[in-house]
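Each chain, written out:
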Amino acid sequence: MWVEKQVLTLYSKNRPSTSKIMDKKKSSLKSTIAVSLTNYLDAGAIVAGASGLELWQSYLDMHKDTLGWLNAVSANCLGAAIGAIVGGTLADRYGRKAIYTYNMLVYMLGVATVMLAVNTPMLFVGFLITGISVGVGVPASWTYISESSEVNSRGRNIGISQMAWGIGPTIILILGTLLAAPTRGAGSEGVLFPVVRGVASVFGVDGIGHELNVFSSRIVFASLFIVAFIAWRLQRRLDESSEWKAMKSEELRVKSEELRVEPRRGDISQAGVKPLFAEQKQGGTFASFGLLFTNKTNLLTLLFLAGMYLTWNLVASVMGFFQQHIYATAGGLSNEYANLLSVGQWVVIIATTFVFSMIVDKVNQRWLFFTGVMLAVLAWVLVLTVGITGISGLLVFTLLWGLQGGISVQSFYALWASELFPAKYRAAAQGVMFFMVRGLSAAWGMGFVFIYGEQGEGFTRAAVVMLALLLASLVIGTVWAPETRGKSLEQITKERYGE
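Residues numbered from 1 in each chain as written. Predicted model: local features only at pLDDT ≥ 70, side-chain atom pairs only at ≥ 80, totals over all residues. Heavy atoms only, no water.

S.K.: Even after reading the chapter, I still don't get the pattern of salt bridges, so can you show me in this structure?
M.R.: Opposite charge on two side chains permits them to pair, given that their charged atoms come into close proximity. Under the criterion given, the structure shown has 8 salt bridges. Its salt-bridge partner being Glu 147, residue Arg 96 comes within 2.7 Å of it at the nearest N-O pair. Here Arg 96 is found in helix α6 (residues 96-115), whereas its partner Glu 147 is found in helix α7 (residues 120-147), with 51 residues between them in sequence. Its relative accessible area of 6% is what places Glu 147 among the buried residues. The salt bridge partner of Arg 253 is Glu 250, with a shortest N-O separation of 2.6 Å. On the criterion of helical spacing, the pair formed by Arg 253 and Glu 250 is a turn pair, its members being 3 residues apart in helix α12 (residues 242-260). Accessibility expressed as a relative area gives 28% for Glu 250, which makes it partly exposed. A single salt-bridge network, built from bridges that share partners, covers Asp 92, Arg 96, Glu 147, Glu 243 and Arg 426. (Salt bridge = Lys/Arg side-chain N within 4 Å of Asp/Glu carboxyl O. Helix = DSSP H or I, 4+ residues; strand = E, 2+ residues; numbered from the N terminus. Buried < 20%, exposed > 50% of the residue type's maximum accessible area, 1.4 Å probe, protein only.)

S.K.: Where do I start with the confidence of the model for the protein in this structure?
M.R.: Reading predicted coordinates in detail is not appropriate for stretches of low pLDDT. Residues of the protein with pLDDT of at least 70 account for 83%, and the chain-wide mean is 80. Residue range residues 1-24 is modelled with pLDDT below 50. Its contacts to residues more than four positions away, or to other chains, number 2 contacts. Counted against residues more than four places away or in other chains, residues 265-286, with its pLDDT under 50, gives 28 contacts. (pLDDT = per-residue confidence, 0-100. Contact = heavy atoms within 4.5 Å.)

S.K.: I'm lost on the environment of Thr 493 in this one. Help?
M.R.: Along the polypeptide, Thr 493 turns up in helix α22 (residues 489-497). According to the relative accessible area criterion, Thr 493 is buried, its value standing at 19%. Once the C-alpha coordinates of Thr 493 and Pro 422 are considered, the two residues, 71 residues apart in sequence, prove to be 5.8 Å apart. When near neighbours in sequence (up to four residues on either side) are disregarded, Thr 493 contacts Phe 421, Pro 422, Arg 426 and Gly 498.

S.K.: Explanation requested: the packing of aromatic side chains in the structure shown.
M.R.: Applying the stated criterion to the full structure yields 19 aromatic pairs. Ring centres of Trp 56 and Tyr 59 lie 6.0 Å apart, and the angle between their planes is 65°; this geometry places the pair in the edge-to-face category. Note that Trp 56 and Tyr 59 are positioned in helix α3 (residues 53-60) at a spacing of 3 residues, about one turn of the helix. Assessed through its relative accessible area of 1%, Trp 56 is described here as buried. Seen from their ring centres, Phe 203 and Phe 215 are 5.7 Å apart, and the 40° between their planes marks the pair as tilted. Of this pair, Phe 203 sits in the loop between α9 (193-202) and α10 (210-213) while Phe 215 sits in helix α11 (residues 215-235), placing them 12 residues apart in sequence. Of the residues examined, Phe 203 reaches a relative accessible area of 56% and is grouped as exposed. (Phe/Tyr/Trp six-rings, centres within 6.5 Å; stacked < 30°, edge-to-face > 60°.)

S.K.: How do you make sense of the environment of Thr 170 when you look at a structure like this?
M.R.: Assignment of secondary structure puts Thr 170 in helix α8 (residues 154-178). In this structure, the C-alpha to C-alpha distance between Thr 170 and Gly 44, residues 126 residues apart in sequence, is 8.5 Å. In contact with Thr 170, not counting residues within four places along its chain, are Val 343, Trp 346, Val 347 and Ile 350.

S.K.: How do you make sense of the side chain of Ser 418 when you look at a structure like this?
M.R.: Summarising the element assignment, Ser 418 is placed in helix α19 (residues 409-419). The contacts of Ser 418, once residues within four sequence positions are left out, are Trp 142, Ser 146, Tyr 413, Arg 426, Gln 430 and Leu 489.

S.K.: Before we go on, may I ask you to explain the environment of Tyr 425 in this structure?
M.R.: Secondary-structure assignment places Tyr 425 in the loop between α19 and α20 (426-452). The buried category is assigned to Tyr 425, whose relative accessible area is 4%.

S.K.: Explain a nonpolar patch on the surface here, please?
M.R.: Taken together, the side chains of Leu 78, Ile 82, Val 86, Leu 90, Tyr 94, Leu 128, Phe 435 and Met 436 define a hydrophobic patch exposed on the protein surface, amounting to about 620 Å² of accessible area. Secondary-structure elements contributing two or more residues to the nonpolar patch are α5 (78-94) and α20. (Patch = residues over 30% accessible without salt bridge, like charges linked within 9 Å, V, L, I, M, F, W, Y side chains within 5 Å. Areas by Shrake-Rupley, 256 points an atom, 1.4 Å probe, with all protein chains shown as cover.)

S.K.: Is there a simple way to think about empty space enclosed by the protein in this case?
M.R.: With a probe scaled to a water molecule rolled over the atoms, the places where space remains empty come into view. Taken as a whole and assessed by the stated rule, the structure comprises 5 cavities of 30 Å³ or more. Volume-wise, the second largest cavity comes out at about 70 Å³. Around the second largest cavity, the lining comprises 11 residues; the ones closest to its centre are Ala 45, Ala 75, Phe 127, Thr 130 and Phe 221. Along the lines of polarity and charge, the residues of the lining of the second largest cavity split into 7 nonpolar, 4 polar and no charged. (1 Å grid on protein atoms, 1.4 Å probe; cavity = no way out; pocket = protein on both sides within 12 Å on 5 of 7 lines; lining within 4 Å. Points joined across faces, edges and corners; volume = space filled by probe spheres on them. Nonpolar A, V, L, I, M, F, W, Y, C, P; charged D, E, K, R; others polar.)

S.K.: So what exactly am I meant to see when it comes to the nonpolar core here?
M.R.: One recurring pattern in soluble globular proteins is that nonpolar side chains are buried together. Counting 130 residues, the largest nonpolar core has Leu 224, Leu 305, Trp 380 and Trp 416 as the members making the most contacts within it. Counting residues per element, this core draws most heavily on helix α15 (residues 296-329), at 13 residues. Among all residues touching Trp 416, those that are not within four sequence positions of it are Phe 304, Leu 305, Met 308, Gln 365, Phe 369, Gly 477, Ala 481, Pro 482 and Thr 484. (Core = buried A, V, L, I, M, F, W, Y, C linked by side-chain atoms within 4.5 Å.)

S.K.: What exactly am I supposed to notice about the packing of α8 against α19 here?
M.R.: The packing of two helices is summarised by the inter-axis angle and the distance between the axes. Packing of α8 against α19 brings their axes to within 9 Å, and their N-to-C directions diverge by 135°. In terms of orientation, α8 lies oblique with respect to α19. As for how α8 packs across α19, the hand of that crossing is right-handed. Touching Arg 154, Gly 155, Ile 158, Gln 162 and Trp 165 of α8 are Gln 410, Ser 411, Ala 414, Leu 415 and Glu 419, all from α19. Grouping the constituent residues of the contact of α8 with α19 by class yields 4 nonpolar, 4 polar and 2 charged. (Axes fitted to C-alpha atoms, helices over the stretch in contact; angles between N-to-C directions. Parallel < 35°, antiparallel > 145°, perpendicular 65-115°, else oblique. Left-handed = near helix turned anticlockwise from the far one by under 90°.)

S.K.: Would you mind going over a positive patch on the surface with me for this structure?
M.R.: Together, Lys 30, Arg 233, Arg 236 and Arg 237 make up a region of like positive charge exposed at the surface. Turning to its location among the elements, Arg 236 is positioned in the loop between α11 and α12. (Lys, Arg positive; Asp, Glu negative; His and termini not counted. Charge placed at Lys NZ, Arg CZ, Asp CG, Glu CD.)

S.K.: Sorry, what's going on with the packing of α20 against helix α21 (residues 459-479) here?
M.R.: Viewed as axis vectors pointing N to C, α20 and α21 meet at an angle of 140°, and their least axial separation amounts to 8 Å. Accordingly, the angle class assigned to the pair α20 and α21 is oblique. Of the residues in α21, those in contact with Trp 444, Phe 448, Phe 450, Ile 451 and Tyr 452 of α20 are Phe 459, Arg 461, Ala 462, Val 465 and Met 466. Residues of the contact of α20 with α21, tallied by class, amount to 9 nonpolar, no polar and 1 charged.

Now the structure itself:
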């Protein structure tokens, strides 16, 4: 009896209480919200550039080739690609918290450069710095959210972080609509355009013209600067990922044992021991790239995730940067109404992403993925059959694209990419894939302007390519979707890589 009582006492002391479980859930949700500001700023930078593209083009007299290059170096493509491969490596080597301590300072520098740009090179530099910062933060944010989540809320937290991708553009587009410049004649400006006049006058710009109108975009980028400052204050207070600390502790333990125990020549019992981290003991995180590209499981995972995400992102990157331009040229809408229609789309994306976050941990993820991409396919089938030159076509297309955006490939990529690799190079692997995807998206963005044409004359030709890419993503993601729902990261790693 005494033994039973002692066992029960010991169990009650070590059993996680309901309050502790609730505290962990609250902490997980709190850190998710803080980290999700990275997604807000990523999508916000892309849409801020897109909504003001016509204004910067007129102000700096940029040719369509220049627009392609601007898209290529932005947060939408090359800038983020460069940042991702650097940020992923640094996050695995020095910790997730190290990224959150400094990265937002780089973002603020890039945004400030865009705000103050007075020539094309300055605008390019600002877009590039902002893009690099975005890329640095993305692998760390998805990794941190996944590692700090409970088993049955990992998909929910990833979904919440993806909602920031909708909230950011929505706020930016509403602000852009209110501050819209009269690019289509008198009376087409936003209701807050007098504020633009007031700010411009402080800098000695009066009257009318492109130099005044571009201040609408400058103010939008100023709002990103403010949010980035808030994000920096919140994120630098985050605790380090427990998964990363456990991985580093294991590395130190193995190294300590290797230094303490030197196997004798011919001692088979010692010679046969090869711990998980021993094969990379000298090279650290950078040496893990060798294993990343030579291990069969890793290679198949890289091919699956990159293939699924790249084909979808080639379409999404064009929509993210050129959507307002497409509405204005192919659809014939003013800058104000193009922004307003996009706002409606992002509201749909936010609502659908909320539904996604509530069900992704409870339903078959393969068929949820299929549903999301099929909506995107239907949107571009509409483009090729009915067209979007009329308002009804534009509205249906916007609705379908908004629905797929809530159940998007990016949500599944963020979830699966953070689950399918070991903690040692979880962020680095995501950085490598993000580099490939955004880098190729940069090249695609430059080529798209030639397919699309300066005034949208090649839109139908471009739509055929878009549809083919989406069908490829649909097949890859549906056929090879992993079964990770309800499993811990440690369990997933053991199933895929063994002990």
